[in-house]
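Fold and contact review
For reference, the chains in residue letters:
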2 protein chains.
Amino acid sequence: MIRACLTALALVLPLAAPAGEPRGTGDLGVVIERASGSVLVVDQSDHAALCRVEGLGDLSHASLTFSPDERFAYVFGRDGGLSKVDILACRLDRRVVQAGNAIGGAISDDGRLVAVSNYEPGGVKVFDAETLDPVADVPMGSKTVGLADAPGSRFAVATWDTGEVWVLDHSADPANPRVTRIEGVGANPYDALMTADGRTFIVGLFGEKGLTTIDLWQDPPQPRRILPDYGRNQPDLPVYKMPHLQGWTLAGATYALPAVGLHQVLWADAASGRETGRTPVAGQPVFVTARPDGRELWVNFATPDNGTVEVIDSVTRQVKRTLHPGAGILHMEFTPRGREVWLSARDDDKVVIYDTRTYQKLGEIGAQAPSGIFFTARAHRTGL
Amino acid sequence: MIRACLTALALVLPLAAPAGEPRGTGDLGVVIERASGSVLVVDQSDHAALCRVEGLGDLSHASLTFSPDERFAYVFGRDGGLSKVDILACRLDRRVVQAGNAIGGAISDDGRLVAVSNYEPGGVKVFDAETLDPVADVPMGSKTVGLADAPGSRFAVATWDTGEVWVLDHSADPANPRVTRIEGVGANPYDALMTADGRTFIVGLFGEKGLTTIDLWQDPPQPRRILPDYGRNQPDLPVYKMPHLQGWTLAGATYALPAVGLHQVLWADAASGRETGRTPVAGQPVFVTARPDGRELWVNFATPDNGTVEVIDSVTRQVKRTLHPGAGILHMEFTPRGREVWLSARDDDKVVIYDTRTYQKLGEIGAQAPSGIFFTARAHRTGL
């Protein structure tokens, strides 16, 4: 932690200076420091931390999204805080506590609206991306999960208590979204995932087996059940962590996804939703993340195996490499064209950088109990 | 043109000032002004030109690529000039004339090397992205075309005179790339295309029908012929413009591509390379560009139909909309998440901006005979 602070102090000045040299934002990133309510701004090109921004509240379960210009990060905290961080000036631009308990958010494809998914009081609240002033409040009579943006100023979200998916269309009137309500999605959605083209919303179910997909190109969209056997299926084996659906990956026409509570990665045909194989791995997988070229999948694990990372060849579906990058590997983020992968080692208080071709360590950066790593290239992608 | 100059003059100061307010680069872009050897730096969020950079030589057939931080544009001119433009400071950072006649270039996935494909003297030259100092010179005894980056500090290029594809791997020693040479690709490759995952290199042939694909995941890569009937097939109908393969698009598992010399868009199955249908259109298509969500394809045309743009529904494969955005529509660029499309109207000296959902014009920007429009999000993609 001392190292992290020194790094931050040493590097805070160049960016914070008002007359600072102009610099691009395409190679920047933000690392969540889950225990200290702070984020670290990092530079991919220099393998360095640039500065730390503090005062973001409870980040024990946090995510973020970027403005289209890649200058601002919108950080969604567990405590209902929505913080707008200026990563160039390295300061907290503004912050609102918009709910009692929030679970994530998204930004509209025009960059004008930021939506937050809430546990308490439930529903979705939408804010002006510039000012964070409230724009719309959509109660849904339920906790909401898996909020994602869809093309055309739309957001999709699943409702935990009522098993529905709501699609909010803000294109005509931002303050009064047109609501498309899809019922019968399944019992207790716990998370959801939007495909990169913004077409298919995939909902994970806690209350029953299988998942439900919604094709947003259909009018009205119809729920379709896939992978009927997917889910927790060995009660005697404790599930240390319910995998995020963001831990899923689509390589070519095939999904690779973590088996819940099993030491396996599952393969499924994206078109039919049918399972096509399983790969045994070192522990309970959390994230199964494709290198951007899709040739490799990098897998991290729940405790007690969270010091191990395995690399799977997407053609042979075999583990080709096992790495031990550090203690408590919580997240992996690839540089946009896949040349490097950055891993957060929470229990070593550092971010570790690997070359994805040689598997050699390229560097590390001090960070306080890092969890999520987010590179600015996400600003240009749908569903993140 | 007067309007363009005034726009540029009015807006040049804020960015050029050394103590300028920091700004993100994720929503910037560069427009080629083909007749005046200049480029216009544009702001997607404000629908505005920020400034003009001049002195780039012959841009009558030019393309560019971006540094990973989205600050620098590397402009490849027809006269062999390689210009590095600082789009934040709005100035020509440096420029070398590296050949007599060049046709395009690419940047390596680590952002360290810029490669240029040359007609005269032929072959490929590779430069340090920071300094533009020469790093490697690879004569190939031929004009080269279709240069593209591939993962792992590699470049792929096709040879016009000898019908080969060369893959240069600079990962071990930048100055001495390991060369993989694939022969028998076909007669007179005139252009090539790298798929977004960096796996498949598609080569267009001028000397014979059909195209050749190279699967870079194979070792050694083998050429495979696809679309055996693709190419100029009605000698009595003049081909006003040989379509760039960059005019191809991959929507889902289907290629949509311009028919050479015909008023048709062709559909082909990406896996088999077999033709699966044709859509009649208003003229000889040049670019068939998918909106980022893949639901629509926007098509522009060769003269005399280059004032028309048609929108094709990728599900029904029917033309759903016909637009007349201006005179001499040379290029179309979508904002990264597809909310807007920017079109260059060369003969109206302006760039026109459309909403891709309402098809309404959102604005226009004065530009001198604009051709290519390039948004900085390209920095994060493979094969561009």
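For the structure itself, look to the data block above.
A few points on the structure. (Residues numbered from 1 in each chain as written. Chains lettered and ligands numbered in written order. Predicted model: local features only at pLDDT ≥ 70, side-chain atom pairs only at ≥ 80, totals over all residues. Heavy atoms only, no water.)

1. A short note on the sheet that holds strand β5 (residues 72-76) of chain B
Residue and element names in this part refer to chain B. Test applied: DSSP bridges decide pairing: two strands pair if at least two such bridges lie between them. Secondary structure is summarised from DSSP: a helix means a run of H or I of at least four residues, a strand means a run of E of at least two, and numbering begins at the N terminus for each. Every axis in this analysis is a line fitted to C-alpha atoms, fitted for helices over the stretch in contact. Angles between the N-to-C directions lie between 0 and 180 degrees.
Judged by pairing direction, the sheet is antiparallel, and its 4 strands sit side by side in the order β4-β5-β6-β7 without closing on themselves. Each having just a single partner strand, β4 (63-66) and β7 (91-97) make up the two edges of the open sheet. With strand direction ignored, the average angle separating the axes of adjacent strands in the sheet is 20 degrees. Taken together, the 6 bridges between strand β6 (residues 81-86) and β7 define a ladder with antiparallel strand orientation. When the bridges of β7 are listed, K84 appears paired with R94.

2. Here we look at the relation of the copies chain A and chain B
Rules: Copy-to-copy superposition: least squares on the C-alpha atoms, limited to residues that have pLDDT of at least 70 in both copies.
Laying chain A over chain B is done by rotating through 180 degrees and shifting 0.0 Å along the axis; what remains is an RMSD of 0.0 Å. The superposition of one copy onto the other is thereby described by a two-fold rotation axis.

3. Description of the interface of chain A and chain B
Just so we agree on the cut-off: For this analysis, residues touch if any pair of their heavy atoms sits within 4.5 Å. Two parts placed together each lose some accessible area under a 1.4 Å probe, and adding up what both lose gives the buried area. A pair is scored as a salt bridge if a Lys or Arg side-chain nitrogen falls within 4 Å of a carboxyl oxygen belonging to Asp or Glu. Identification of polar contacts relies on pairs of N or O atoms within 3.5 Å, with a donor-acceptor requirement for protein atoms, meaning one able to donate a hydrogen and the other able to accept it, and with residues adjacent in sequence counted only if both atoms are side-chain atoms. Side-chain classes are defined by residue name, with Ala, Val, Leu, Ile, Met, Phe, Trp, Tyr, Cys and Pro counting as nonpolar, Asp, Glu, Lys and Arg as charged, and the others, Gly among them, as polar.
Contact with chain A, which involves 41 residues of that partner, is made by 41 residues of chain B. Of the roughly 3400 Å² buried where chain A meets chain B, counting both sides, 50% is carbon and sulfur surface. When residues of chain A are sorted by the area they lose upon contact with chain B, W217, R337 and R339 of chain A head the list and together hold 26% of the total. Along the contact surface separating chain A from chain B lie 6 salt bridges. Residues D110 of chain B and R339 of chain A are paired through a salt bridge, measuring 3.7 Å at the closest nitrogen-oxygen approach. At the boundary of chain A with chain B, the tally comes to 19 residue pairs in polar contact (both at pLDDT 80 or more). Split by residue class, the side of chain A that touches chain B holds 12 nonpolar, 13 polar and 16 charged.

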